[in-house]
Amino acid sequence: MMTLEEFRNLLDAKGPDPDDWPRRQQRAAKRLLLGSADARVMFDAARRTDAFLTEALWPAPLNPTLRARLDTIPLANPRTPETTRIVMRQLRPWWYAGAATAMASVIAGFVVGAMLPAEADLNEPIAIASLIYGPSNGGLLP
Amino acid sequence: MDEREDDDSLLAQIVSGDRHAFGRLMDRHADRVFALARSVIGSAADAEDVTQDVFLAVWRTAEDWRPGKARFTTWLYRVTLNRSLNHKNRVAGRQMPLDAVAEPEDPAPDPGEALDAARRRERIDRAMADLPESQRTAMTLTYTVGLGNAEAAAAMEISVKAFEALLVRARRKLREILGRETLGGEA
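Described below are features of the structure shown in this document. (Residues numbered from 1 in each chain as written. Chains lettered and ligands numbered in written order. Predicted model: local features only at pLDDT ≥ 70, side-chain atom pairs only at ≥ 80, totals over all residues. Heavy atoms only, no water.)

## Observations regarding the overall build of chain A
At step 1: The number of helices and strands found in chain A is seven helices and zero strands.
At step 2: Scanning chain A from its N terminus toward the C terminus, one meets helices and strands in the order α-α-α-α-α-α-α.
At step 3: Expressed as a percentage of the 142 residues in chain A, the buried residues total 27%.
At step 4: Long-range contacts, defined as pairs at least 24 residues apart, comprise 36% of the intrachain contacts of chain A with a sequence gap of at least 6.
At step 5: By element, 63% of the accessible surface of chain A is carried by carbon and sulfur atoms, the whole surface being about 9,700 Å². (Helix = DSSP H or I, 4+ residues; strand = E, 2+ residues; numbered from the N terminus. Buried < 20%, exposed > 50% of the residue type's maximum accessible area, 1.4 Å probe, protein only. Contact = heavy atoms within 4.5 Å. Areas by Shrake-Rupley, 256 points an atom, 1.4 Å probe, with all protein chains shown as cover.)

Pasting the structure below:
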């Protein structure tokens, strides 16, 4: 059985239109309305408040000056032709892949650079090869 | 016609540079985007800047929209909210400009009715201004923008339960502020 307080909460949370009430609460509320004069008074007051607020808060027509400003948006900001946008969209994954490859190369360069011994003779191929091979020399590969 | 399908098809036309489709999309949503921005920021002039910024984003990023994944309006009002809050935070501390006062309503044929409407609007604007920002946003998304609880919660990036808790507090506070005189009967 729904209490008057629960009914008031229902009205304030969902509004006075029974179609907006959850089905289970709808049945209980309708039973309460049939049996309680207080509930009916509450329901009528909620409907009046709702009608008043709907009318009072309805948006005023748009100010013509603002409307004129809005109408300039398409002219001031011409859209990119659709074909160009399609091509750009198709190229986007390649652009990301290229950027990722470039970033990975830079990072790899820093890593290798940091691992080179300061005194290493970079003109000597064996010094560089020993960085990559040969764990005994701290190389990257086994 | 289903509004969601319609927004999606308008966006598809915008992608091919259709200015008229963009105009129709603005016809549908610009007044609410502006109203939402204004309820967060308070200043009409700043809300106009945010509205322009939001529709510029729609125009520029229409091709990124994936139909069927979510409602366009959820995205639109979420972007509006985020940009309004960013804007508000940027200008925080600055004195509220004079143009924060409500735009005058279009004149109605009956001056008495127009006066009543203006008074009522002023009263509700003051009552809304007294609400904490999150509650005011919840009320604006519900009554001004016309979103259901689930979509409004998604626009605010909170759970439906949290959104409904904001609505409960906001409705009670408004009843307290506006009182019996405005709402009539048991307020």
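Don't stop here, the text continues.
## With respect to the interface of chain A and chain B
By a widely used convention, the size of an interface equals the accessible area lost when the partners come together.
At step 1: Listed per partner, the contact involves 39 residues of chain A and 47 residues of chain B.
At step 2: Ranking the residues of chain A by area buried against chain B places Asp12(A), Leu57(A) and Arg79(A) at the top, with a combined share of 18%.
At step 3: One can count seven salt bridges joining chain A with chain B.
At step 4: The interface formed by chain A and chain B includes 16 residue pairs in polar contact (both at pLDDT 80 or more).
At step 5: At the level of secondary structure, the elements contributing two or more residues to the side of chain A that touches chain B comprise helix 1 (4-14), helix 3 (37-56), helix 4 (64-71), helix 5 (73-76) and helix 6 (82-115) of chain A.
At step 6: Residues of the side of chain A that touches chain B, tallied by class, amount to 19 nonpolar, six polar and 14 charged. (Buried area = accessible area lost by both parts, 1.4 Å probe. Salt bridge = Lys/Arg side-chain N within 4 Å of Asp/Glu carboxyl O. Polar contact = N/O pair within 3.5 Å; in protein donor to acceptor, adjacent residues only side chain to side chain. Nonpolar A, V, L, I, M, F, W, Y, C, P; charged D, E, K, R; others polar.)

## Brief notes about the layout of surface pockets
At step 1: In this structure, the second largest pocket encloses a volume near 260 Å³.
At step 2: Considering the residues around the second largest pocket, the lining is formed by 15 residues, among which Lys14(A), Asp20(A), Thr142(B), Leu147(B) and Arg171(B) are closest to the centre.
At step 3: At the level of secondary structure, the elements contributing two or more residues to the lining of the second largest pocket comprise helix 3 of chain A together with helix 6 (133-144) of chain B.
At step 4: Classifying every residue of the lining of the second largest pocket by side-chain character gives four nonpolar, six polar and five charged. (1 Å grid on protein atoms, 1.4 Å probe; cavity = no way out; pocket = protein on both sides within 12 Å on 5 of 7 lines; lining within 4 Å. Points joined across faces, edges and corners; volume = space filled by probe spheres on them.)

## Let's talk about the packing of helix 4 of chain A against helix 2 (residues 19-41) of chain B
At step 1: The contact between helix 4 of chain A and helix 2 of chain B brings their axes to 11 Å, and the two run at 135°. Relative to helix 2 of chain B, helix 4 of chain A is oriented oblique. In the packing of helix 4 of chain A onto helix 2 of chain B, the handedness of the crossing is right-handed. Here helix 4 of chain A contributes Leu66(A), Arg67(A), Leu70(A) and Asp71(A) to the contact with helix 2 of chain B, which in turn contributes Phe22(B), Gly23(B), Met26(B), Asp27(B), Ala30(B) and Phe34(B).
At step 2: Residues belonging to the contact of helix 4 of chain A with helix 2 of chain B are distributed by class as follows: six nonpolar, one polar and three charged. (Axes fitted to C-alpha atoms, helices over the stretch in contact; angles between N-to-C directions. Parallel < 35°, antiparallel > 145°, perpendicular 65-115°, else oblique. Left-handed = near helix turned anticlockwise from the far one by under 90°.)

## Some details on the nonpolar core
It is characteristic of soluble globular proteins that their nonpolar side chains tend to be buried jointly.
At step 1: The biggest cluster of nonpolar side chains holds 58 residues, and the ones touching the most others in it are Leu53(A), Phe55(B), Tyr77(B), Met139(B) and Leu141(B).
At step 2: When residues in this core are grouped by element, the largest group, 11 residues, is from helix 2 of chain B.
At step 3: Residues contacting Leu53(A), with those up to four places away along its chain left out, are Trp58(A), Ile124(B), Met139(B), Tyr143(B), Leu174(B) and Leu178(B).
At step 4: Counting residues in each nonpolar core, the second largest holds 13 residues, with Leu11(A), Ala29(A), Leu32(A) and Leu33(A) among its members. (Core = buried A, V, L, I, M, F, W, Y, C linked by side-chain atoms within 4.5 Å.)

## Brief notes about the packing of helix 2 of chain B against helix 3 (residues 44-61) of chain B
Residues and elements named next belong to chain B.
At step 1: In the contact formed by helix 2 and helix 3, the axes pass within 8 Å of each other and the chain directions differ by 140°. Compared by their axis directions, helix 2 and helix 3 come out oblique. For the pair helix 2 and helix 3, the sense of crossing is right-handed. Residues Arg19, Phe22, Leu25, Met26, His29, Ala30, Val33, Phe34, Ala37, Arg38 and Ile41 of helix 2 form the contact with helix 3, whose own contacting residues are Ala44, Asp46, Ala47, Glu48, Val50, Thr51, Val54, Phe55, Val58 and Trp59.
At step 2: In terms of residue class, the contact of helix 2 with helix 3 is built from 15 nonpolar, two polar and four charged.

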